[in-house]
Amino acid sequence: MSQLPSDVSAELNPDPRPGNRRDFVKSAGLAALGLATTPLLLSSCDTKPAPVAETQPAAAGGGAHGLSFPAGFLWGTATASYQVEGAVNVDGRGPSIWDTFSHTPGKIANNDTGDVACDFYHRYKEDTQLIKSLNAKAFRFSIAWSRIFPTGKGAPNQKGLDFYNRLVDELLANGIQPFATLYHWDLPQALQDQYKGWQGRETAQAFGDYAGYMAEKLSDRVKHFFTLNELWTFIQLGYGDGVFAPGLKLPPAELNQARHHAVLAHGLAVQAIRAHGRPDTRVGLAENIKVAVPYIETPEHIKAAEIATREFNAGYTTVILEGKYTDTFLKNAGANAPKFTAEDLKIISSPLDFCGINIYNPEAYVRAADNAEGYEKIPFAKSHPTSTSKWELLAPEVLYWGARHMQNIWKVKELYITENGCSGTDELTPENRVNDTDRVAFLRGYLSQLQRAVTDGAPVKGYFYWSLVDNFEWASGYGIRFGLFYMDYKTLKRYPKASAEYFRTMAQQNAVL
Ligand code: PNW
């Protein structure tokens, strides 16, 4: 399986004041470089180009680089329940593993917790106006399982459901499509206590039941559901490396089993949503696919990158989309391989309507190699630029290759970039401005590559920037900022950054500007 880049652990047990001036300068430089990259013609991956919008202002000559997206391309932003909601003891919400973890001294930078976060629970109307001000027509949020089922199962909590009813209604009233994620890591603590969380098959079953319930209650208005967010991250960092909740460091056999239960939960949820949702309900997953980038865009290296990408994701996206664990995955796992049945694999690979991919950084640059694997990784240079998150190695072309691999390896017909974003130092000036030139450069570089992917035929229908507002960045606490809006955590006031204006203009013109 893919390993964390070596400096990730440092980032996840971070210095309370992460980032430094040098990284800031480096990251801006690289993203700008991405923009300067002339799109290459790919002989091996040629597909029919997507139709170019004729009605969009940019296509009519407004786009400085002519980098328009097709008409109807969806611009959005994303958040997750524990990272923004706060109100952890309000209206019957049960505790989650992230409440427990963040209240354990030493686990989170500065011992921050999500108790208040952005107080989105009470300020969702104000935040809906922020989304609207960005010209975004879609919003990806997650539902806190323990607001609906305080102990993970049993009797539903109407007051918890009411919150999401209010949120969905508010979004729709403002012309914003709700995209709901059912699990963004805040597992009800009761399921951790009773079944050891994802180590127990019962948790997967409970997730299916909860997913069916949500589809029944919301699918009259929510047309897009994501099952689980980033299985890799919460399994590897939470159950393998111990740096995310629930903070376990399981041996390989148990880790593989927990991973299997998570993909099984995804499949059970897909089936439950189909059974209980309206017929026009659409379901997909939101996985941070580990992307291999061909270091030169020639057919042999592109092929090597496809082989590598399939293996990097063997326990997650690959088994979900192919219905089997790869031979290499099972061989490497040996006696530690997960225990599963043929029926499990069928459930796990239940057909999806679309795929969401969260993409920040490449897993590796690869080249073709005359070895058993058919590829080899090129180690990252020590000086490879990052954002203020040390794991976020910057490489705009990862967005291009993420989309292309989904299309070419798995023939995915409908794709969303469900997360992509840049963390930065983000200081508020005396005039209440945030001059986040690094994030603007990031957006220009990454979105140029996304536009190239769409032009080359990748079926990308929308892009969700992570995140709407600065928020609780898991083990890094509030010290790492990804938002288009700056959060003053003392007053909970939100301020648009320069990148918010940049995003708003791009969304309005449907082009990279
Ligand atoms: C994703 N890593 O998390 C999540 O989906 C978001 O909740 C999060 O805020 C966002 O990306 C930015 O971090 C990740 O260490 C956290 O490799 C850590 C890692 C990857 C993704």
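Predicted, not measured: the structure shown is a model, and the values here were computed from it.

Asks: Explain the pattern of salt bridges to me, please; I cannot follow it from the model alone.
Replies: Between side chains of opposite charge, a pair can form when the charged atoms approach closely. Summed over the entire model, instances satisfying the criterion amount to 20 salt bridges. A salt bridge links E419 to R140; the shortest N-O distance between them is 3.1 Å. With a gap of 279 residues between them, E419 in strand β11 (residues 415–419) and R140 in strand β3 (residues 138–142) connect regions that are remote in the sequence. Side by side, E419 and R140 carry an identical accessibility label, which is buried. In this structure, a network of salt bridges that share partners links the residues D426, D436, R439, D470, R481 and K497.

Asks: Sorry, what's going on with the confidence of the model for the protein here?
Replies: Residues shown with low pLDDT carry predicted positions that ought not to be read at fine detail. Scored by pLDDT, the protein comes out at a mean of 90, with 87% of its residues at no less than 70. In this model residues 1–62 is a low-confidence stretch, pLDDT under 50, and it forms 120 contacts with partners more than four residues away in sequence or in other chains.

Asks: Help me understand the packing of helix α6 (residues 120–133) against helix α8 (residues 158–173) in this model?
Replies: Helix-helix packing: each pair is described by the crossing angle between the helix axes and the interaxial distance. Viewed as axis vectors pointing N to C, α6 and α8 meet at an angle of 15 degrees, and their least axial separation amounts to 10 Å. Classed by the angle they form, the pair α6 and α8 counts as roughly parallel. Crossing of α6 over α8 shows right-handed handedness. For the pair formed by α6 and α8, the contact residues are F120, Y121, Y124, K125, T128, Q129 and I131 on the first element and K159, F163, R166, L167, E170 and L171 on the second. In terms of residue class, the contact of α6 with α8 is built from seven nonpolar, two polar and four charged.

Asks: Honestly, the sheet that holds strand β6 (residues 282–287) in this entry has me stumped. Any pointers?
Replies: Sheet strands pair via backbone hydrogen bonds, and the direction of the pair is either parallel or antiparallel. In space, the eight strands of this closed barrel follow the order β2-β3-β4-β5-β6-β8-β11-β12, with parallel pairing throughout. Within the sheet, the average angular offset between the axes of one strand and its neighbour, ignoring direction, is 25 degrees. Pairing analysis gives four bridges linking β6 to strand β8 (residues 354–358), with the strands arranged parallel. Residue E287 lies in a different strand from β8, and its bridge partner there is I357. On the sheet, α8 packs against β3 and β4 (177–183) and is oriented at approximately 170 degrees with respect to β3. The strands touched by helix α12 (residues 252–276) are β4, β5 (224–229) and β6; relative to β5, the strand with the most contacts, the crossing angle is about 165 degrees.

Asks: Where do I start with the sheet that holds strand β9 (residues 364–368) in this structure?
Replies: Judged by pairing direction, the sheet is mixed, and its three strands sit side by side in the order β7-β9-β10 without closing on themselves. In this open sheet, the two edge strands, each paired with only one partner strand, are β7 (292–294) and β10 (375–378). Sheet twist, expressed as the average angle between the axes of neighbouring strands with direction ignored, equals 45 degrees. Across four bridges, β9 lies against β10 in antiparallel orientation. Across the sheet, the residue bridging to R367 is E376, located in β10. The sheet contacts of helix α13 (residues 299–312) involve β7, β9 and β10, and relative to β9 the element is tilted by about 125 degrees. Most of the contacts of helix α17 (residues 397–410) go to β7, to which it runs at about 105 degrees, and overall it touches β7 and β9.

Asks: Teacher, can you tell me more about the pairing of β4 here?
Replies: Consecutive side chains of a regular strand alternate in pointing toward one face of the sheet and then the other. Burial runs high along β4: six of the seven residues are buried. Pairing between β3 and β4: five bridges, direction parallel. What sits directly across from F139, in β4, is P178. The sheet contact formed by β4 and β5 spans four bridges and is parallel. Bridge pairing links F179 to H224 in β5.

Asks: What is the right way to look at the nonpolar core in this model?
Replies: As a rule of thumb, soluble globular proteins bury nonpolar side chains together. Judged by nonpolar contacts, the single largest core of 139 residues is most densely connected at W98, I143, W145, Y183, W198, F207 and Y463. The element that contributes the greatest number of residues to this core is α12, accounting for 10 residues. With sequence-adjacent residues up to four places away left out, F207 is seen in contact with W145, L182, Y183, W198, T227, L228, A265 and A269.

Asks: Even after reading the chapter, I still don't get the packing of aromatic side chains, so can you show me in this structure?
Replies: Given two aromatic rings, one states the distance between the centres and the angle between the planes to describe the pair. Per the stated rule, a full pass over the model turns up 51 aromatic pairs. Taken together, the aromatic side chains of Y82, W98, F101, W185, F244, F472, W474, Y478 and Y489 make up a single cluster linked through ring pairs. Geometry around Y295 places R367 over its ring, the cationic atom sitting 5.7 Å from the centre. For R452, the ring lying beneath its charged end belongs to Y400, and the centroid distance is 3.7 Å.

Asks: Just to check I follow, could you spell out unusual backbone geometry for this structure?
Replies: A negative phi holds for most residues other than glycine; trans holds for most peptide bonds. Cis geometry marks the peptide bond from A245 to P246, where omega comes out at 5 degrees. With an omega dihedral of 10 degrees, the bond running from W466 to S467 counts as a cis peptide bond. Structurally, S467 can be placed in the loop between β12 (460–466) and β13 (485–488). Of note, L492 is a non-glycine position whose phi angle comes to about 60 degrees, a positive value. Relative to the helices and strands, L492 resides in the loop between β13 and β14 (493–496).

Parameters at a glance
- Going along each chain's sequence as written, the residues are numbered from 1 onward.
- pLDDT decides what is reported in this predicted model: residues at 70 or higher carry local features, side-chain atom pairs at 80 or more are listed and counted, and totals for whole chains, interfaces and linings draw on all residues regardless.
- Values shown for side chains rest on all heavy atoms present in the structure; no hydrogens or waters enter the calculation.
- Salt bridges are defined by distance alone: a side-chain nitrogen of Lys or Arg within 4 Å of a carboxyl oxygen of Asp or Glu.
- A run of H or I in DSSP counts as a helix once it spans at least four residues, and a run of E counts as a strand once it spans at least two, with each numbered from the N terminus.
- Between buried and exposed lies partly exposed: a residue is buried under 20% and exposed over 50% of the maximum accessible area for its type, with that area taken using a 1.4 Å probe on protein chains only.
- The pLDDT value expresses, per residue, how confident the predictor is, ranging between 0 and 100.
- Residue contacts are defined here by distance: any two heavy atoms, one from each residue, within 4.5 Å place the two residues in contact.
- For helices, the fitted axis covers only the stretch in contact; all axes are lines through C-alpha atoms, and the angles between them, taken along N-to-C directions, range from 0 to 180 degrees.
- Here the word oblique covers every angle except those under 35 degrees (roughly parallel), over 145 (roughly antiparallel) and from 65 to 115 (roughly perpendicular).
- Crossing chirality is assigned from the near helix's rotation relative to the far helix, an anticlockwise turn below a right angle marking it left-handed and a clockwise turn marking it right-handed.
- As a working rule, the residues Ala, Val, Leu, Ile, Met, Phe, Trp, Tyr, Cys and Pro are called nonpolar, Asp, Glu, Lys and Arg charged, and the rest polar, with Gly in that last group.
- Two strands pair under a simple rule: DSSP has to find at least two bridges between them.
- Here, the term nonpolar core denotes a set of buried Ala, Val, Leu, Ile, Met, Phe, Trp, Tyr and Cys residues that are joined through side-chain atoms within 4.5 Å.
- Aromatic rings from Phe, Tyr and Trp, with only the six-membered ring used for Trp, were paired whenever their centres fell within 6.5 Å, and each pair was classed as stacked if the ring planes differed by under 30 degrees, edge-to-face if by over 60, and tilted otherwise.
- The rule for a charge over a ring is simple: NZ of Lys or CZ of Arg within 6 Å of the ring centre, and within 35 degrees of the ring normal.

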